[in-house]
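Architecture and fold: a report
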Amino acid sequence: MPTALLTLDATSLPAEDLSLPALTRERSLQHRPNWLLRKLMNALEHQRAVKGLGWSRAWNKYELNIFRTHLQDPLHDQEYFAPLTPLLERILPAAPLEYQAFASDLLADPTLIVFTFFHNHATAEAQHEGLTLSFGRAIPGDPGKQDRLDVILEDRRIDGQVDGQVDRFRIYVCPWSEYQNNHTHFALELQDFTMDTFAPAQALYENCVRHYHLWKGEESRQWSHWSARYIDYFGPRSFIPAGSSFS
């Protein structure tokens, strides 16, 4: 398959080393609509974000390049979610009690919707590849408004490569009842890990990576919506680290 459309930095994994599903996905993401249509769609998305509408939040859009999204079924994909419990048991006690109660209620809700977003994250200080486990439920009678809980795991790129180890962890607990007023939510970020925090975070990451490879070729697992082609934070990767977990 020709790879000329892929534009990656000099230390990226060669496109020829990608698996067929990953290469096919990257090539398809290169085809973007007209720039004016993208500009208008991004303006609309910005307005929705300011109002807190829809799924996106600041932490899962800005400085991110989301190159694949998988759908999960909380009832049937219990093996996928099993490593999350030990991590939350370690992390959530740092949150106020009302946020702990909200998280437990949300994760037990039979209407729960779950996505995993696979992304690159780039700032002036660092580059990471990683994923967001994103849990949500629509507010009854108003599906444009969402209760949310996001867990973000990232592997830092150093000298062009990653090592498969979690270097950065973030969690956002975001009830709509709080978020609608000044975007209030609970957030926690860790980059210096103790072993009892790193071990469950790493176990969750490795389990998600394993399922990424099981599911990357399954059409039923791929989330697709026409609007994603127009929104800047969805698109092809500008770098693919050597040693990438998502090749």
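Residues numbered from 1 in each chain as written. Predicted model: local features only at pLDDT ≥ 70, side-chain atom pairs only at ≥ 80, totals over all residues. Heavy atoms only, no water.

1. Examining the overall build of the chain
Looking only at helices and strands, the chain has 7 helices and 6 strands in total. Ordered by position from N to C terminus, the α and β elements of the chain give α-α-β-α-α-α-β-β-β-β-α-β-α. With 247 residues in all, the chain has 50% of them scored as buried. Excluding contacts between residues fewer than 6 apart, the proportion of contacts in the chain whose partners are at least 24 apart in sequence is 71%. (Helix = DSSP H or I, 4+ residues; strand = E, 2+ residues; numbered from the N terminus. Buried < 20%, exposed > 50% of the residue type's maximum accessible area, 1.4 Å probe, protein only. Contact = heavy atoms within 4.5 Å.)

2. Brief notes about the sheet that holds strand β6 (residues 186-190)
Strand order in the open sheet formed by 6 strands is β1-β2-β3-β4-β5-β6, with antiparallel pairing between adjacent strands. Two strands lie at the open edges of the sheet, namely β1 (64-72) and β6, each paired on one side alone. The sheet shows a mean angle of 15° between the axes of neighbouring strands, taken without regard to direction. Bridge analysis of strand β3 (residues 127-139) against strand β4 (residues 142-157) gives 13 bridges, and the strand direction is antiparallel. What sits directly across from leucine 131, in β4, is leucine 153. Relative to the sheet, helix α4 (residues 84-91) contacts β3, β4, β5 (168-174) and β6, its axis offset from that of β5 by approximately 80°. (Pairing = 2+ DSSP bridges. Axes fitted to C-alpha atoms, helices over the stretch in contact; angles between N-to-C directions.)

3. A look at the side chain of threonine 116
Here threonine 116 lies in strand β2 (residues 113-122). Engagement of the side chain of threonine 116 in a polar contact is seen with the side chain of tyrosine 80, the distance being 2.7 Å. Aside from chain neighbours lying at most four places away, what touches threonine 116 is Arg68, Thr69, His70, Gln72, Tyr80, Leu131, Thr132 and Leu133. (Polar contact = N/O pair within 3.5 Å; in protein donor to acceptor, adjacent residues only side chain to side chain.)

4. What to know about the nonpolar core
Core analysis: the biggest nonpolar cluster contains 44 residues, and Leu133, Phe135, Val151, Leu153, Ile171 and Val173 have the highest contact counts within it. When residues in this core are grouped by element, the largest group, 8 residues, is from helix α7 (residues 195-215). Among residues more than four places away in sequence, those in contact with leucine 133 are Tyr80, Phe81, Phe115, Thr116, Leu149, Asp150, Val151, Leu204 and Cys208. Trp55, Phe115, Ile231 and Tyr233 belong to the second-largest nonpolar core, a separate cluster that totals 7 residues. (Core = buried A, V, L, I, M, F, W, Y, C linked by side-chain atoms within 4.5 Å.)

5. Digging into the pattern of salt bridges
The tally for this structure, following the rule as stated, stands at 13 salt bridges. One salt bridge in this structure joins arginine 137 and aspartate 105, with 2.9 Å as the shortest N-O distance. Of this pair, arginine 137 sits in strand β3 while aspartate 105 sits in helix α5 (residues 97-107), and the two are 32 residues apart along the sequence. Judged by its relative accessible area of 10%, arginine 137 is buried. Via salt bridges that share partners, Asp105, Asp109, Arg137 and Asp147 belong to a single interconnected network. (Salt bridge = Lys/Arg side-chain N within 4 Å of Asp/Glu carboxyl O.)

6. Observations concerning the packing of aromatic side chains
Within the structure shown, the criterion is met by 15 aromatic pairs. The interplanar angle of 80° and the centroid separation of 5.3 Å between the aromatic rings of tyrosine 80 and phenylalanine 81 together place this pair among those described as edge-to-face. Its relative accessible area of 2% is what places tyrosine 80 among the buried residues. What makes phenylalanine 81 buried here is its relative accessible area of 12%. With a centroid separation of 5.8 Å and 50° between ring planes, the pair formed by phenylalanine 81 and phenylalanine 135 is classed as tilted. Highlighted residues: phenylalanine 81 in helix α3 (residues 78-81) and phenylalanine 135 in strand β3, separated in sequence by 54 residues. Neither residue differs from the other here; phenylalanine 81 and phenylalanine 135 are each classed as buried. Put simply, the rings of Phe67, Phe118, Tyr205, Tyr212 and Phe246 touch in pairs and so form one group of aromatic residues. (Phe/Tyr/Trp six-rings, centres within 6.5 Å; stacked < 30°, edge-to-face > 60°.)

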